Protein chains: 2
Amino acid sequence: MTRAIVLILLAALPAVPPATAARGALMPLPLKMTPGTGRLAIDTRFGVTNSGCPETAIARFKARISRQTGIPLGAAGQGLAEQGLAGQGLAVTCQAPAPDWPTLGENESYTLDVTTGGARLTAPTATGALRGFETFAQLMAPSPDGFEVAAVHIEDRPRFPWRGMMMDVGRHWMPVAVVERNLDAMAAVKLNVLHWHLSDDQGFRVESKLFPKLQRFGSDGNFYTQDQIREVVAYARGRGIRVVPEFDMPGHATSWLVGMPELAATPGDYQIERKWGIFAPVLNAASERTYAFLDGFIGEMAGLFPDRYFHIGGDEVDDAQAKTLQPRFNQRVQALVKGHGKTMVGWDEVLAPGLAQDTVVQSWRGPEALAETAKKGYRGILSYGYYLNYLLPAGTHYQVDPGDAEGILGGEACVWAEYVSAETVDSRIWPRMAAIAERFWSSKDVRDVNSMYQRMEATSRWLEWTGVQHRADYLPMLERLAGGQAVEPLRVLGDASEAAGHDLRAKGGKYTSLTPLNRFVDAARPESEPVRHLEQAVARRTPADLKTIRARLREWVENDANFEAMVDGDSFLGELTPLSRNLKTAGEIGLRALKYLESNTKPPRDWVAQQNQALDGLGQPVAEVILAAARPVRMLVNAAGK
Amino acid sequence: MTRAIVLILLAALPAVPPATAARGALMPLPLKMTPGTGRLAIDTRFGVTNSGCPETAIARFKARISRQTGIPLGAAGQGLAEQGLAGQGLAVTCQAPAPDWPTLGENESYTLDVTTGGARLTAPTATGALRGFETFAQLMAPSPDGFEVAAVHIEDRPRFPWRGMMMDVGRHWMPVAVVERNLDAMAAVKLNVLHWHLSDDQGFRVESKLFPKLQRFGSDGNFYTQDQIREVVAYARGRGIRVVPEFDMPGHATSWLVGMPELAATPGDYQIERKWGIFAPVLNAASERTYAFLDGFIGEMAGLFPDRYFHIGGDEVDDAQAKTLQPRFNQRVQALVKGHGKTMVGWDEVLAPGLAQDTVVQSWRGPEALAETAKKGYRGILSYGYYLNYLLPAGTHYQVDPGDAEGILGGEACVWAEYVSAETVDSRIWPRMAAIAERFWSSKDVRDVNSMYQRMEATSRWLEWTGVQHRADYLPMLERLAGGQAVEPLRVLGDASEAAGHDLRAKGGKYTSLTPLNRFVDAARPESEPVRHLEQAVARRTPADLKTIRARLREWVENDANFEAMVDGDSFLGELTPLSRNLKTAGEIGLRALKYLESNTKPPRDWVAQQNQALDGLGQPVAEVILAAARPVRMLVNAAGK
């Protein structure tokens, strides 16, 4: 295999083997990209010449390159370059500083030229330079002599100005380190909004100095201090990411009422909600005391979060009376938000007659709701179709488009945290988030799902250098389940499986916020990369592929005995016994299909239908896990039957 | 396999299969441990009742348990317990606070009682409680119902009061995050000294406000600000770890002279040293100006580092004249150190007539040097035999003992960083450091190497929950080398290999501080766990073992073709071609030996000798990597010949 860099240019390219395609794969794809001739070598002499860009950004960029390549590069300003060691490098120019804080609609464009003699990154503002740095880092690939970037000319700018991710820290607590490493990964795929869902029935997560009972009684001690909030906001700013706080009201606010029951529509003794769902407690929309409180609270939070936009939630109010009062409530809150210099954002439900025209509506209900929003002259953000916690394939999200209607600012992927903990959140976001980030940044006609998957796999590995743990956490979680036994049978089973998402886990209501998320389903990935590779192999069926397929099918068959040897009435593992048996059966079916294929013999009548039916059964969830392995086996069966 | 907890009690226990042995394996082993009956369940209701211990320590402990188990536990003070959810838990009592700063010789003992009804941890001071927390966390293991700790009574205290690790951040820069995660892991195995080697010829790593030219010209911009130093020292304090700074003088000080050439014994224009070795430049021991500077500098650093001990290096002075002056230099520096309220520590070479009697001598030369130190009435620390950067087997370090002579305070493992970077340092320290930590903490008669390896493997996985990356970084580094190709052939090769240590890499002098440490040798582990398991299988040779052995040998044989398909004149990978071929050959030899063994046929005359000779060749380093796979194959060959 040659080490030539293959730049993937939209869907028009012929299929290339994944291994080759992955080299220097860009995600999101830039607007314009023209390959040049030759390569720029990246070695110890690599330096950055700065004209007008923030030194901190350059230092971070160099640290990233060092991490990604293992090549030592001096810190900014006092680096190796100054000692005459600098060779060819990157000259970066920021024609103007970035705004004090990242701002909706700011210019994020950049131009990147890479030649054998050096690279040049030019941007109207420092924010564009940040985006260009990520492109450059992503283009770097190993070469015979170390690392290199293939010559290229890139002109790039985003399709949408609002490219966000919503992180729910109300339902499960996410420490600062988790948020920050995700900010690094978000910046890497050019996202620019962290929508921080900071309160819900299960937790109030911010320190209020004016109303300390909120966090004192509403958080189990798990809240961000104001210093930590400032730290995260500054961290995001350095990466060109806005932080939009959400305080969900008047519903989803049980946690507020634990310490401040006087705010409730109904008097009572409130406890932090441990279950999941929509609950009756609401803030009292009929009381002036509520608005006086909100004025103080919103004022305090408006000072803490510099972004112009302030999200008040507004979704899923259960109480009939409160629902009636909600339009008026929203208007009052909007006035308060505006009074503190902010523009209000709310979920679909806030859209009602009388809503201030500058409100931004975030649509979780669907394209019709978003269209209605736009028709009424409101600005909108699409989240429908981008719920990462449903654990759908990246390809499904990738096909959802916010559309081009006037007023559509972009989209936000959401990570609702009923079944997502600090430990599992990275793998529930990455790498699928990268595909959605491409949808938000790249042209509408960038739609080839195969190309997306090829590049997403490379991006998934590349993202590890940003610090997210989506790949690293897999084996430790399985090893915890193995409890000191050899992990291999669990790894084979895990690689063949996919975790079920929100809907299936919600069934039966057996989970609370206190239920540990440490079972096999929590370790399993939303999409199995090994199974996808096997599907690709089944589609190709070269002689080498057939060999690989047979080895994998045999491994599945043999794994069941090894797995059974691990289990001993253990609830962690015992629930997986049927899954392991199903994997064995799937392997056996696959081996039979392979025999038909290789012997060029048609299977007997009804065999194909029977196997398909059997595979329907094997594809049913066990212990909230789907046997992804059934998919390539089905492909084999159907190929044999053709 | 049953899930019963097996507590490993010293060397007397019969051999147990590794999988069983690993459950709740303790390292270091406590002084006294008596198994009880039953188990304490660990679930969401787990609470900690605190009497006199720091709340921050308890919060950290609960966070650790949460991370290790995936079970949500509220933050300290405002946790779930207060809401009536607390069940049985751990009652911890600190009879007295810890000293303001961790102190040499402080009481670190604790008593831990675990019963089915609850656990009790009692310590004379908060430091002992920290040690006990780690024991409790290490005892936790998965159970059919979640997690549990087997009933036990433990009385524990350290053998030595000085149990350290020396981290060289002069030769390769280690960011704060790297130091901090290693402090967490150190605390986990009850180490209590971070000896921070903060300056060397290749870098001066601390901000001096009095002499800013030191870091400005001597660090490539890679230095700790004073705020960062305070942060790390406080971080260590919270974990019961002293921080002893070392500023190496009068030799190993080239980096000081870049900005302050006036301190040099020989006038000149100094540059940061990029090579490795012992260099001529020294501080001018004959000039009063040097002592005036050192008085100011040591005073400033004495204020920054609260520990009573201050390390002045003093090793490897190359200049003949300087060597003559060194005893006088040391006496002068000792007086300055003492004048700023500190006790001096130095390497072996400081031991000379006239050296102040309270000086602590750190021995890198060997037991004789340490004995001489003790004989002369000085206190000593052993580092000889504990150089982790030699990448020796844990078992080798484990057999080195500081001894019981009067005045021996303990030992320190050293991580010299010529061939160790921020990326690779964790895997060069862990898990082998845990074996040395046991040597420093546990009784002298805890010496069983098999038991140590069994527990070290479990501890290696457990340490991942502290945040060290020694296991997590392996695949990403290999994937970087694979450059987008499937990583499997590299993983098979990597699992069969071991990285060569300092001496071999130093040969030929081709490395500088700017050479990237991103090759296969840097990804390879110092000790291969898969090969160790194979050696154990070869020693046992049960029918199941033979099956495993054959599969592995075949994998090695088949891997070579897959590996070759990846290589294309690539320097990253091309240098490994002979290694891959050697692995294939080793696999072939092993398969032949296996055939003899299974057919109960004696191999022909000379065959055993010939294969042993061939294996000698295969065991030679290739690309600075040792083919560990040759060892189990040699065992097979010799077994066949018997």
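What you see is a predicted model; the values in this text were computed from it and never measured.

Trainee: I'd like a description of the overall build of chain A, backed by residues and values.
Mentor: Each helix and strand counted, chain A has 24 helices and 19 strands in total. Here chain A has a C-alpha radius of gyration of 26 Å; the compact-globule value for 642 residues is 26 Å, and the two agree. Seen along its three principal axes, the alpha-carbon backbone of chain A occupies a region of about 80 × 65 × 50 Å. The proportion of buried residues among the 642 residues of chain A is 62%. Looking at chain A alone, contacts between residues at least 24 apart form 76% of all its contacts between residues at least 6 apart. For chain A, the accessible area works out to roughly 22,400 Å², and carbon and sulfur atoms hold 53% of it. The distance from the centre of the 69 positive side-chain charges to the centre of the 74 negative ones in chain A is 4 Å.

Trainee: Any details on the environment of Glu-418 of chain B? Residues and values, ideally.
Mentor: Residue and element names in this part refer to chain B. Examined against the element boundaries, Glu-418 turns out to sit in the loop between strand S16 (408-415) and helix H12 (425-429). With 93 residues separating them in the primary sequence, Glu-418 and Tyr-511 have C-alpha atoms 8.5 Å apart. The residues contacting Glu-418, other than those within four sequence positions of it, are Arg-171, His-172, Trp-276, Asn-389, His-502 and Leu-517. Only 3.4 Å separates the side chain of Glu-418 from the side chain of Arg-171, close enough to count as a polar contact.

Trainee: Provide a residue-level description of the pattern of salt bridges, including the pertinent values.
Mentor: Inspection of every chain in the model, using the stated rule, returns 84 salt bridges over all chains. Across the salt bridge formed by Asp-495 of chain B and Arg-491 of chain B, the nearest N and O atoms sit 2.6 Å from each other. Of this pair, Asp-495 of chain B and Arg-491 of chain B both sit in helix H16 (residues 488-495), four residues apart, which is roughly one turn of that helix. Take Asp-495 of chain B: its relative accessible area is 17%, and that puts it in the buried class. Here the residues in one salt-bridge network are Arg-505, Lys-510, Arg-519, Asp-522, Glu-575 and Glu-624 of chain A, joined through shared partners.

Trainee: Could you give me a rundown of the state of the cysteines, with the residues and numbers involved?
Mentor: Residue and element names in this part refer to chain A. Per the counting criterion, the structure on display carries two disulfides over all chains. One disulfide in the model links Cys-53 with Cys-94; its S-S distance is 2.0 Å. Here the S-S torsion is close to 105 degrees, and the disulfide linking Cys-53 with Cys-94 is therefore right-handed. You can see Cys-53 sitting in the loop between strand S2 (47-51) and helix H2 (55-69) and its partner Cys-94 sitting in strand S3 (residues 89-96), a full 41 residues away along the chain. For Cys-53, a relative accessible area of 8% translates into the label buried. On the accessibility criterion, Cys-94 (7% relative accessible area) is buried.

Trainee: Which residues make up unusual backbone geometry, and what values do they have?
Mentor: A cis amide bond links Met-27 of chain B with the next residue in sequence, Pro-28 of chain B, at an omega value of 0 degrees. Note on placement: Pro-28 of chain B falls in the loop between helix H1 (18-21) and strand S1 (32-42). In the segment running from Trp-430 of chain B into Pro-431 of chain B, the intervening peptide bond is cis, with an omega of 5 degrees. Mapped onto the elements, Pro-431 of chain B comes out in the loop between H12 and helix H13 (432-441). Positive phi, close to 55 degrees, is recorded for Arg-541 of chain A, a residue that is not glycine. Mapped onto the secondary structure, Arg-541 of chain A falls in the loop between helix H19 (529-540) and helix H20 (543-566). With a phi close to 55 degrees, Leu-391 of chain B is a non-glycine residue in the positive phi region. Structurally, Leu-391 of chain B is set in the loop between strand S15 (379-382) and helix H11 (394-398).

Trainee: Hey, could you go over the confidence of the model for chain A for me, with residue numbers and the actual values?
Mentor: All names here are of chain A. Considering every residue of chain A, the mean pLDDT works out to 92; 94% of them sit at 70 or more. Counting contacts from residues 1-22, a segment whose pLDDT is below 50, to residues more than four positions away or on other chains yields 53 contacts. Throughout residues 76-86 the model reports pLDDT below 50, and contacts reaching past four residues in sequence, or to other chains, amount to 28 contacts. Here the complex is predicted with pTM 0.91, and the ipTM for its interfaces comes to 0.87.

Trainee: With reference to specific residues and values, describe the packing of helix H23 (residues 607-618) of chain B against helix H24 (residues 630-641) of chain B.
Mentor: Residue and element names in this part refer to chain B. With their axes 9 Å apart at the nearest point, H23 and H24 run at an angle of 170 degrees to one another. Classified by the interaxial angle, the pair formed by H23 and H24 is roughly antiparallel. When H23 is examined against H24, the residues Trp-607, Val-608, Gln-611, Asn-612, Leu-615 and Asp-616 are found in contact with a partner set consisting of Ala-630, Val-633, Arg-634, Val-637, Asn-638 and Gly-641. Partitioned by chemical class, the residues of the contact of H23 with H24 number six nonpolar, four polar and two charged.

Trainee: Residues and numbers for H19 of chain A, please.
Mentor: Residue and element names in this part refer to chain A. Between its first and last C-alpha, H19 extends 17 Å over twelve residues, near the 16 Å set by a 1.5 Å rise per residue. For H19, every residue scored as buried is listed here: Glu-529, Val-531, Arg-532, Leu-534, Glu-535, Ala-537 and Val-538. On its buried face, H19 is in contact with helix H14 (449-463), helix H16 (488-495), H20 and helix H24 (630-641). Sitting at the amino-terminal end of H19 is Ser-528, which places a side-chain oxygen 3.0 Å from the backbone nitrogen of Val-531. Looking one or two residues past H19, Arg-541 carries a phi angle of roughly 55 degrees, positive in sign.

Trainee: Tell me about H24 of chain B, and please be specific about residues and values.
Mentor: Residues and elements named next belong to chain B. With twelve residues, H24 ought to run about 16 Å at 1.5 Å a step, and its terminal C-alpha atoms sit 16 Å apart, in line with that. Residues Ala-630, Pro-632, Val-633, Leu-636, Val-637, Ala-639 and Ala-640 constitute the buried set of H24. On its buried side, H24 packs onto helix H19 (529-540), helix H20 (543-566), helix H22 (577-598), H23 and strand S18 (625-627).

Trainee: Mind laying out the sheet that holds strand S16 (residues 379-382) of chain A, listing which residues take part and the relevant values?
Mentor: Hydrogen bonds along the backbone pair up the strands of a sheet, which may run parallel or antiparallel. Residues and elements named next belong to chain A. As summarised here, the arrangement of the eight strands in space is S8-S9-S12-S13-S14-S15-S16-S17, forming a closed barrel in which the pairing is parallel. Across the sheet, the mean angle from the axis of one strand to that of its neighbour is 25 degrees, orientation sign disregarded. With four bridges connecting them, strand S15 (residues 360-363) and S16 associate as parallel partners. Bridge pairing in S16 links Val-361 to Gly-380. Here helix H10 (residues 367-375) sits on the sheet and contacts S15, S16 and strand S17 (408-415); the angle it forms with S16, its principal contact strand, is near 165 degrees.

Trainee: How would you explain the packing of aromatic side chains if you had to name every residue and give the values?
Mentor: Enumeration over the complete set of coordinates arrives at 51 aromatic pairs over all chains. For the pair Phe-46 of chain B and Phe-136 of chain B, a centre-to-centre distance of 5.9 Å together with 25 degrees between the ring planes defines the contact as stacked. Residue Phe-46 of chain B is found in the loop between S1 and strand S2 (48-51), and its partner Phe-136 of chain B is found in helix H3 (residues 126-139); the two are separated by 90 residues along the sequence. By way of ring pairs, the aromatic residues Trp-173, Trp-196, Phe-204, Phe-211, Tyr-224, Phe-247, Trp-256, Phe-293, Phe-297, Phe-305 and Phe-310 of chain A are connected into one cluster. It is Arg-332 of chain A that lies over the ring of Tyr-291 of chain A; its NZ or CZ is 4.0 Å from the centre. One residue, Arg-439 of chain A, lies across the ring of Tyr-398 of chain A, its end atom 4.4 Å from the ring centre.

Trainee: Explain the packing of H20 of chain B against H24 of chain B to me, and be specific about the residues and the numbers.
Mentor: Residue and element names in this part refer to chain B. One way to put it is that H20 packs onto H24 with a least axis distance of 12 Å and a crossing angle of 125 degrees. Here H20 is positioned oblique relative to H24, judged by the angle of their axes. Here H20 and H24 pass one another in a crossing that is left-handed. Where H20 approaches H24, its residues Ile-549, Leu-553 and Trp-556 are matched on the opposing element by Pro-632, Val-633 and Leu-636. Of the residues contributing to the contact of H20 with H24, the split by class is six nonpolar, no polar and no charged.

Trainee: Help me get a handle on the pairing of strand S13 (residues 309-313) of chain A, residues and values and all.
Mentor: Residues and elements named next belong to chain A. For S13, the buried fraction is high: five of the five residues fall into the buried class. With three bridges joining them, S13 and strand S14 (residues 343-347) adopt parallel strand pairing. Residue pairing across strands places His-311 opposite Val-345, the latter belonging to S14. The β-α-β motif built from S13, the intervening helix H9 (residues 320-339) and the parallel element S14 has right-handed crossover chirality.

Criteria and thresholds
- Residues numbered from 1 in each chain as written.
- Chains lettered and ligands numbered in written order.
- Predicted model: local features only at pLDDT ≥ 70, side-chain atom pairs only at ≥ 80, totals over all residues.
- Heavy atoms only, no water.
- Helix = DSSP H or I, 4+ residues; strand = E, 2+ residues; numbered from the N terminus.
- Rg over C-alpha atoms; globule rule 2.2 N^0.38 Å.
- Buried < 20%, exposed > 50% of the residue type's maximum accessible area, 1.4 Å probe, protein only.
- Contact = heavy atoms within 4.5 Å.
- Areas by Shrake-Rupley, 256 points an atom, 1.4 Å probe, with all protein chains shown as cover.
- Lys, Arg positive; Asp, Glu negative; His and termini not counted.
- Charge placed at Lys NZ, Arg CZ, Asp CG, Glu CD.
- Polar contact = N/O pair within 3.5 Å; in protein donor to acceptor, adjacent residues only side chain to side chain.
- Salt bridge = Lys/Arg side-chain N within 4 Å of Asp/Glu carboxyl O.
- Disulfide = S-S within 2.5 Å.
- pLDDT = per-residue confidence, 0-100.
- Axes fitted to C-alpha atoms, helices over the stretch in contact; angles between N-to-C directions.
- Parallel < 35°, antiparallel > 145°, perpendicular 65-115°, else oblique.
- Nonpolar A, V, L, I, M, F, W, Y, C, P; charged D, E, K, R; others polar.
- Expected span 1.5 Å × (residues − 1).
- Pairing = 2+ DSSP bridges.
- Phe/Tyr/Trp six-rings, centres within 6.5 Å; stacked < 30°, edge-to-face > 60°.
- Lys NZ or Arg CZ within 6 Å of the ring centre and 35° of its normal.
- Left-handed = near helix turned anticlockwise from the far one by under 90°.
- Right-handed = clockwise from strand over helix to strand, strands pointing away.

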